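Listed below, chain by chain, are the residues.
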Amino acid sequence: MNSNVAAERNVDEDLLKNTRISDHFPSTKAPPLWFSKRFLVTLLLFVSSVNKNSLSGKISIAIVEMTSSKEINRDNQTITQPPEYDWDSKTIGLIVSSPSIGYLCICVGGILSTRFGGSVTYGISMAMSGILSLLGPASLYVHLYVFVANRVLSGLFEGFASASTSEIFARWAPVQERSRLTSYGTSGTHVGIALTYPICGYLIKKWGWTAPFYVEGAVSFIWSLLWLIFIKNDPSKDKRISKRELDYIQQGTGNVRRRHVTSQFRNIFISPVFWALCIGKMAYSWVFTILLICLPFYVKDTTHRPTEEVGLLSSIPNMVSIAMIPIAGTFIDYWQNHSKLEITQIHKILMGIGFVVGSLLLVTVALISNFTVSMVCFILIKIVGSLNGVIVQVIVLYMAPNNSSIIAGLSAFWYRVSTVLTRTTLGYMTPNHSVQEWNQFFILSAIILFLSAIIFTLYGSSKPQPWSSIPTSNDEDQNPSIENKD
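These numbers were taken from a predicted model, which means no experiment stands behind them.

Time to look at the packing of helix H13 (residues 272-303) against helix H17 (residues 404-429). At a minimum axis separation of 7 Å, H13 and H17 run at an interaxial angle of 45°. By the criterion of interaxial angle, the relationship of H13 to H17 is oblique. For H13 against H17, the interelement crossing comes out right-handed.

So, about helix H9 (residues 188-207). The axis of H9 is deflected most strongly, by about 40°, at Leu 195, and proline Pro 198 appears within four residues downstream. Among the residues of H9, those classed as buried are Gly 188, His 190, Val 191, Gly 192, Thr 196, Cys 200, Leu 203 and Ile 204.

As a note on interpretation, predicted positions should not be read in detail where pLDDT is low. Chain-level pLDDT for the protein is 84 on average; 87% of the residues reach the 70-or-more range. When the criterion is pLDDT under 50, residues 1-16 qualifies, and its contacts beyond four places in sequence or with other chains add up to 40 contacts. Here residues 472-486 scores under 50 on pLDDT; set against residues more than four positions off or in separate chains, the count is 29 contacts.

What follows covers the environment of Arg 178. Assignment of secondary structure puts Arg 178 in helix H8 (residues 178-186). Its relative accessible area of 1% is what places Arg 178 among the buried residues. The spatial distance from the C-alpha of Arg 178 to the C-alpha of Val 394 is 7.2 Å, given a sequence separation of 216 residues.

Before going further, it helps to spend a moment on the pattern of salt bridges. For the structure on display, the rule yields six salt bridges. A salt bridge links Arg 38 to Glu 177, with the shortest nitrogen-to-oxygen separation between them at 2.7 Å. Remark: Glu 177 occurs in the loop between helix H7 (144-172) and H8 and Arg 38 occurs in helix H2 (residues 37-66); sequence separation between them is 139 residues. By the burial criterion, Arg 38 is buried, and Glu 177 matches it. Note that Asp 247 is salt-bridged to Lys 243, the shortest N-O span being 2.9 Å.

Below, the discussion takes up the side chain of Arg 178. Buried charge without a salt bridge: Arg 178, with Asp 333 as the nearest opposite-charge side chain at an N-O distance of 7.6 Å. Polar side-chain contacts of Arg 178 include one of 3.2 Å to the backbone oxygen of Ala 173.

So, about the packing of aromatic side chains. The final tally for this structure, using the stated rule, is 27 aromatic pairs. Judged by centre distance (5.7 Å) and plane angle (90°), the rings of Tyr 298 and Phe 378 are edge-to-face. Of this pair, Tyr 298 sits in helix H13 while Phe 378 sits in helix H16 (residues 371-399); the two residues are 80 residues apart in sequence, bridging distant segments of the chain. For the pair Tyr 298 and Phe 378, a shared accessibility class is recorded, and that class is buried. When the ring centre of Tyr 398 is taken as reference, the NZ or CZ atom of Arg 178 above it lies at 5.3 Å. Against the face of Tyr 103 rests Arg 416, its NZ or CZ located 3.8 Å from the ring centre.

Definitions and cut-offs
- Residues numbered from 1 in each chain as written.
- Predicted model: local features only at pLDDT ≥ 70, side-chain atom pairs only at ≥ 80, totals over all residues.
- Heavy atoms only, no water.
- Axes fitted to C-alpha atoms, helices over the stretch in contact; angles between N-to-C directions.
- Helix = DSSP H or I, 4+ residues; strand = E, 2+ residues; numbered from the N terminus.
- Parallel < 35°, antiparallel > 145°, perpendicular 65-115°, else oblique.
- Left-handed = near helix turned anticlockwise from the far one by under 90°.
- Bend = angle between axes of the 7 residues up to and from the residue.
- Buried < 20%, exposed > 50% of the residue type's maximum accessible area, 1.4 Å probe, protein only.
- pLDDT = per-residue confidence, 0-100.
- Contact = heavy atoms within 4.5 Å.
- Salt bridge = Lys/Arg side-chain N within 4 Å of Asp/Glu carboxyl O.
- Lys, Arg positive; Asp, Glu negative; His and termini not counted.
- Polar contact = N/O pair within 3.5 Å; in protein donor to acceptor, adjacent residues only side chain to side chain.
- Phe/Tyr/Trp six-rings, centres within 6.5 Å; stacked < 30°, edge-to-face > 60°.
- Lys NZ or Arg CZ within 6 Å of the ring centre and 35° of its normal.

If you want it as structure tokens, here you go:
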């Protein structure tokens, strides 16, 4: 390997070695974020994450319409029309959960984006997701299992897109703005959660259950064309970016180089830092699942309110995330840019605050057993949990700057496993749906968060790991299986 690559390695490791960020840029004035190319990248990712959530979530409301009987008036008589599809609960469960099967291959998306570039992988994945959505109704008309296969492939490409996000931000988000841009781009997920049900409900009421498949599929496909036209894998390949912004991005990313390092998986899997990240993601996923999926059941079991009130009350904590995730990202960047603490120290402090405070709030819910107090605690959990949400997304850009998408994909696999574990554990612990059973579940959740805080504090790190470093010529001589792909 030539001396230029070795020099770039030194730039990367010096830039991210966890000293005060502003020390690296004492006289650098950032180009305005608004109307910049890096903001366009972030804005398009925000729009995509809104639609991506709708692509995966529309079936939950469409299937209600597909399996419900209808009452129609004909000749002054009310006639009950049978459902279009008379599926049992097992079939419905298979259809709803089938994308998770494809999503488990998310680590493949990380490998693809490292090999071919994050922007290309993301754009093609979203295009395929759009095409599959457009073909969804037709696949169901062919056969149920063709429709299930369509859903599995949708989850597969959604996973590819999610993994490649880290590769995109590794190249487009300078270290001074990394948490902020990442939180802005990924906060669309929470907006999508809030908008999916009302938008899909309106489309179904207006044009039938097939409408969300066609509308959201078309939006995804058109978006992907715009993305592939205007967004490049690397800022240096973009002819529309200003020289000032290009210099700023390259200085702030340390000229990260894409590496396809086939020999490093063993080192990754035996790394305590990697497993600390996975445990942090699993803990965050556990709380996220409680407040997104399990909360409506808790409200129903403890208050016995009407369904419409259950939906409204359950949405309140999740609505908080729409504002808090970008605020948390901005706060983290500000602290990193102005603090004398190392980046790892800041991340450990904030992860500890999010998990420990969340643990104490869950214990409060279990001990007091008052619905109003519980709702306040859930909202506070969302507020402090936004710190965890940003850090588990952005930390891979620091610890693995040259193959961040692979680490994001591998850790996201365990994120999804935690989602399944949370649902399963809740089902086993609340067979009678009693308040006492829910309180036991919250105590267990509090213990999980507290232990996760300890593990991440002991083993977590934002420092670039050896298995992510650009190899020197000596490394190549000792390990010729390392492949370098620009």
